[in-house]
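A look at the structure
Now for the letters of each chain:
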Amino acid sequence: MGKAYCTAIVLAAGQGKRMGTKVHKQYLELAGRPILYYSLKAFEESAVIDEILLITGAGEEDYCRREIVDKYKITKVSRILQGGAERYHSVWNGVQELKEDGYVFIHDGARPFVDEEIISRAFQEVQVHKACVVGMPVKDTIKVADKNEFVEKTPNRSSLWMVQTPQVFENHIVRGAYSMLMRESYINVTDDAMVVEQMLKYPIKLVYGSYENIKITTPEDLEIAEVLVKRKK
Ligand SMILES: Nc1ccn([C@@H]2O[C@H](COP(=O)(O)OP(=O)(O)OP(=O)(O)O)[C@@H](O)[C@H]2O)c(=O)n1
Ligand SMILES: C[C@](O)(CO)[C@H](O)COP(=O)(O)O
């Protein structure tokens, strides 16, 4: 039997408020190319990924098509779709376009350092577990704050992971979970796995990503990315 069909949903419809730049952060240059280019390129070159759905902000479609997809020949991009107000709205807009069968890799376009090793590891795991997320064990001690910013509790660090993307699922699992969310949407959604966890009570397998698979969120992250991108040349 041939390889299962794999779609990457690449999210680039955010406003980058925490970056504080006029240009939305996913379009800021990193070593001469837009940050968004790097994850698109990784999925374009991946032996695992068959199709890319690119989710962008209103009015950004033409720029993405001209200045990134066509310019850098990202041929797997089948459609450029408009995102929504929150990240989960953008994911929903992509999830609705998935084929009936196969797997979906939901990825933040603000994470330029996804690579074939991470993609392949996630693909191996999702074929067994049907739902997995990439991440890494935390390095700092994490504390839960109460409403007055006093320490409420200190979870055991040995069981804590900092979750990244891609977040990878069988299409029908994530579509079903998001359909429920969009009907109820009473949870504070910050990643896709929690939608599957909370809507379907479905177990999510943790998969090793990389400490380099950072999300570019604030200006310091861009400085770190400038160092990391030199390593990859
Ligand atoms: N409505 C949204 C919000 C976010 N994203 C995307 O989801 C990824 C992770 O989101 P985040 O890092 O929070 O990006 P922003 O929402 O742009 O950042 P901020 O919260 O600082 O505005 C990014 O690639 C972002 O473009 C999206 O597609 N649609
Ligand atoms: C999905 C995510 O990248 C996992 O760490 C993160 O939750 C996205 O958060 P953001 O505030 O939308 O960047």
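Residues numbered from 1 in each chain as written. Chains lettered and ligands numbered in written order. Predicted model: local features only at pLDDT ≥ 70, side-chain atom pairs only at ≥ 80, totals over all residues. Heavy atoms only, no water.

Read from one edge of the open sheet, seven strands run β5-β4-β1-β6-β10-β7-β11, paired in mixed fashion. The open sheet is flanked by β5 (77–82) and β11 (205–208), the only strands paired with a single partner. The sheet shows a mean angle of 25° between the axes of neighbouring strands, taken without regard to direction. Pairing between strand β6 (residues 103–108) and strand β10 (residues 161–170): four bridges, direction antiparallel. Among the inter-strand pairings, valine 104 is bridged to a residue of β10, identified as phenylalanine 169. Along the sheet, helix α3 (residues 87–95) contacts β1 (6–12), β4 (51–56), β5, β6 and β10; its crossing angle with β1, the most-contacted strand, is approximately 145°. Where helix α4 (residues 116–129) meets the sheet, it contacts β1, β6, β7 (131–137), β10 and β11, and its direction lies at approximately 135° from that of β7. (Pairing = 2+ DSSP bridges. Helix = DSSP H or I, 4+ residues; strand = E, 2+ residues; numbered from the N terminus. Axes fitted to C-alpha atoms, helices over the stretch in contact; angles between N-to-C directions. Contact = heavy atoms within 4.5 Å.)

A few words on the site of ligand 2. In the vicinity of ligand 2, the contacting residues are Arg18, Arg87, Asp108, Arg111, Val163, Thr165, Thr190, Asp191 and Lys215. Between ligand 2 and aspartate 108 there is a distance of 2.5 Å, counted from an oxygen atom to a side-chain nitrogen or oxygen. In this structure, arginine 111 approaches ligand 2 through a side-chain N or O atom, which is 2.9 Å from an oxygen atom. Burial of ligand 2 by the surrounding chains reaches 74%, relative to a free accessible area of 360 Å². (Near = heavy atom within 4 Å. Polar contact = N/O pair within 3.5 Å; in protein donor to acceptor, adjacent residues only side chain to side chain. Areas by Shrake-Rupley, 256 points an atom, 1.4 Å probe, with all protein chains shown as cover.)

All right, on to α4 then. Between its terminal C-alpha atoms α4 stretches 20 Å, which fits the 20 Å expected from 14 residues at 1.5 Å a residue. The set of residues buried in α4 consists of Ile118, Ile119, Ala122, Phe123 and Val126. The arc that holds every buried residue of α4, seen down its axis, measures 135°, which confines them to one face. Away from its buried face by more than 90 degrees, α4 exposes Glu117 and Val128. Of the surrounding secondary structure, the elements contacted by the buried residues of α4 are β1, α1 (35–45), β6, β7, β10 and β11. The N-cap residue of α4 is aspartate 115: its side-chain oxygen and the backbone nitrogen of glutamate 117 are 3.2 Å apart. Two residues or fewer after α4 comes lysine 130, characterised by a positive phi angle close to 70°. (Expected span 1.5 Å × (residues − 1). Buried < 20%, exposed > 50% of the residue type's maximum accessible area, 1.4 Å probe, protein only. Arc of directions from axis to C-beta.)

Look at the UniProt record and you will see "site: Transition state stabilizer" (unreviewed entry) annotated at Arg18 and Lys25. From this annotated list, the subset lining the largest pocket comprises Arg18 and Lys25. Looking at where arginine 18 falls in the secondary structure, it is placed in the loop between β1 and β2 (29–30). Exposure remark for arginine 18: the relative accessible area of 59% places this residue in the exposed category. Apart from residues lying up to four places away in sequence, arginine 18 is in contact with Lys215, Thr217, Thr218 and Pro219. Mapped onto the elements, lysine 25 comes out in the loop between β1 and β2. Lysine 25 gets classed as buried once you look at its relative accessible area, which sits at 11%. With sequence-adjacent residues up to four places away left out, lysine 25 is seen in contact with Gly16, Met19, Ile35, Ala110, Ile216 and Thr217. (UniProt positions renumbered as here; feature names shortened; annotations may be inferred. 1 Å grid on protein atoms, 1.4 Å probe; cavity = no way out; pocket = protein on both sides within 12 Å on 5 of 7 lines; lining within 4 Å.)

Here we take up the pairing of β1. Of all seven residues in β1, seven are buried, a share of seventy percent or more. As paired elements, β1 and β6 share six bridges and run parallel to each other. Across the sheet, the residue bridging to alanine 8 is phenylalanine 105, located in β6. Bridging between β1 and β4 involves six bridges; their strand directions are parallel.

Here we take up unusual backbone geometry. Cis geometry marks the peptide bond from threonine 165 to proline 166, where omega comes out at 10°. Note that proline 166 resides in strand β10. A positive phi angle is found at alanine 31, which is not glycine, with a value near 50°. Tracing the sequence through the fold places alanine 31 in the loop between β2 and β3 (33–34). Using a relative accessible area of 34% as the deciding quantity, one classes alanine 31 as partly exposed. Within the chain, lysine 73 stands out as a residue other than glycine whose phi angle is a positive 55°. Tracing the sequence through the fold places lysine 73 in the loop between α2 (61–70) and β5.

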